Amino acid sequence: MNIFDQLARQRNWPEEERIVLDQVQKLADEIIEPNAARCDETSEFPWESVNALMALGMNGIFVPAEYGGTPMSYALYLECTKIIAAACASTGVIYATNFNGMKPLVDFGNEEQKKRLLPRITAGGIGAIAITEQTAGSDATGMQTRFTPDGDDIVINGSKTFISNGDIAELIFLFGKWSEIDDPKGAISALILEKGTPGCTVLRTEKKMGHRAASTAALAFENCRVPRANLIGEPGTGLATLLVALNKSRPSMAAHALGIARAAFKDMVAYTNERKQSGRHILDFQGNQFLVADLASELALNECWLDYVAGLVDAGEPDFALEASIAKLRASDLAMRMATEAVQMHGGYGYCSDYRVERLMRDAKVTQIWEGTNQIHRQYIGRSFRIK
Ligand SMILES: Cc1cc2nc3c(=O)[nH]c(=O)nc-3n(C[C@H](O)[C@H](O)[C@H](O)COP(=O)(O)OP(=O)(O)OC[C@H]3O[C@@H](n4cnc5c(N)ncnc54)[C@H](O)[C@@H]3O)c2cc1C
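The structure reproduced in this document is the subject of the present report. The structure presented is a predicted model; accordingly, all values stated were derived computationally and were not measured.

What to know about the packing of aromatic side chains
Point 1. Within the structure shown, the criterion is met by 12 aromatic pairs.
Point 2. With a centroid separation of 4.4 Å and 45° between ring planes, the pair formed by Phe45 and Trp47 is classed as tilted.
Point 3. Here Phe45 falls in the buried class, since its relative accessible area comes to 14%.
Point 4. Residue class for Trp47 comes out partly exposed when judged on its relative accessible area of 39%.
Point 5. For the ring pair Tyr349 and Tyr355, a centre distance of 6.3 Å and an interplane angle of 65° mean the geometry is edge-to-face.

Details of the pattern of salt bridges
Point 1. All told, the structure shown has 28 salt bridges when counted by the stated rule.
Point 2. Arg356 is the partner of Glu33 in a salt bridge, and the nearest nitrogen-oxygen pair spans 3.4 Å. One end of the pair, Glu33, is in helix 2 (residues 15–42); the other, Arg356, is in helix 10 (residues 356–365), with 323 residues separating them in the sequence.
Point 3. Residue classification places Glu33 among the partly exposed residues on the basis of a relative accessible area of 32%.
Point 4. Residues Arg378 and Asp333 are paired through a salt bridge, measuring 2.5 Å at the closest nitrogen-oxygen approach. Placement of the pair is Arg378 in helix 11 (residues 374–383) and Asp333 in helix 9 (residues 321–345), with a sequence separation of 45 residues.
Point 5. A relative accessible area of 45% places Arg378 in the partly exposed class.

Let's talk about helix 11
Point 1. Burial in helix 11 covers these residues: Asn374, His377 and Ile381. Each buried residue of helix 11 sits inside an arc of 55° when the element is viewed along its axis, so together they form one side. Along helix 11, the residues that are exposed and aim more than 90 degrees away from the buried face are Gln375 and Arg383.
Point 2. Of the surrounding elements, those touching the buried residues of helix 11 are helix 7 (238–274) and helix 9.

Comments concerning unusual backbone geometry
Point 1. For Phe162, which is not a glycine, the phi torsion comes out positive at approximately 60°.
Point 2. With respect to the helices, strands and loops of the structure, Phe162 is situated in strand 3 (residues 153–164).
Point 3. Taking the relative accessible area as the measure of exposure, Phe162 reaches 53% and is therefore exposed.
Point 4. One non-glycine residue with positive phi stands out, namely Glu371, at about 60°.

Cut-offs applied
Residues numbered from 1 in each chain as written. Predicted model: local features only at pLDDT ≥ 70, side-chain atom pairs only at ≥ 80, totals over all residues. Heavy atoms only, no water. Phe/Tyr/Trp six-rings, centres within 6.5 Å; stacked < 30°, edge-to-face > 60°. Buried < 20%, exposed > 50% of the residue type's maximum accessible area, 1.4 Å probe, protein only. Salt bridge = Lys/Arg side-chain N within 4 Å of Asp/Glu carboxyl O. Helix = DSSP H or I, 4+ residues; strand = E, 2+ residues; numbered from the N terminus. Arc of directions from axis to C-beta. Contact = heavy atoms within 4.5 Å.

What is shown is where atoms sit, not what they do.
The following block contains the structure:
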């Protein structure tokens, strides 16, 4: 048995979660993966794949039963994300963004908001989260989008950039600054923007190196009115909400990156077992064995670390920010390295789109950039060891 089969066996999923995993794997094999290359090539949104996931109720696994969900463990959510991303990184990020955007609504929304809004997500609505602006990326606190209270409404003016699912989302978890609070961090607030709200325009969708089937939108808000009932928490509580939301979305994106790494490793092993040069399989050259050993070890350790983070979350541990940061950092660096080495092991064929590794390498790059760039994660982790 190979080490990854053994690792998978040791996870001991409860019966109902095992069934979900089998269903997701079947969908990945029969629908998501067969659509992946075409959707990447044409930049076509993978609706068939996404709709199949939604029909399976995959948004419901992170929503409590009282709002229409069928809640399962965070560990299960992460494993599903890995399976989906391994089949198609674009579909993986579309799905993971539903979680990243809507889990904060589950965690911070009030009863009325959750009853009113979450059934739209469990019914298959797409979610998004909008933090980044043109001049506020790594330093999100520099955001300039303004929320101005006006009677029973909040009026939004400003813009957001690089918003995954932003052009198609049913609900967007949107951050901006409360006009009446004069403090750059203390003004940050959050609200839910519903699809079709007048005053919100999709300026463009980006042409990207990878994840070409997933949409990444620039949004503009011009006197865009949202009912005050959609405000999450109180004015000025947005930064705390944002930081907690990122703690759960970072392992989510680590799982997505590990999906890419798994796919690249699988292709590398298959090719090095099949391709012969100088009368030998290329995996029989010692230098290549060393490479495969290093990458297999890294993948195994990353999988175990993410299992550990999932365990912390499922056990209700309140503080796992650094652990989440390490998961995101290492999984995304591994995805990039694994995909690059997989291309290398394919020689010239790896550089051509007939082989999946070409796409995986393009898809891997952004995992080191989004959800906090890896420089930011390194600083955050390093800084935590400063003795005060
Ligand atoms: C495909 C895609 C999808 C995305 N999806 C979303 C989404 O759904 N929602 C959302 O809100 N955002 C999203 N983003 C935005 C993403 O999170 C940002 O791109 C990221 O945080 C970096 O911000 P930036 O691009 O402005 O780069 P900058 O912050 O301008 O960084 C440029 C470079 O400077 C470095 N740098 C910046 N500050 C420091 C520092 N203090 N120390 C050391 N180095 C530093 C960075 O590491 C980077 O290498 C997405 C981005 C992409 C590309």
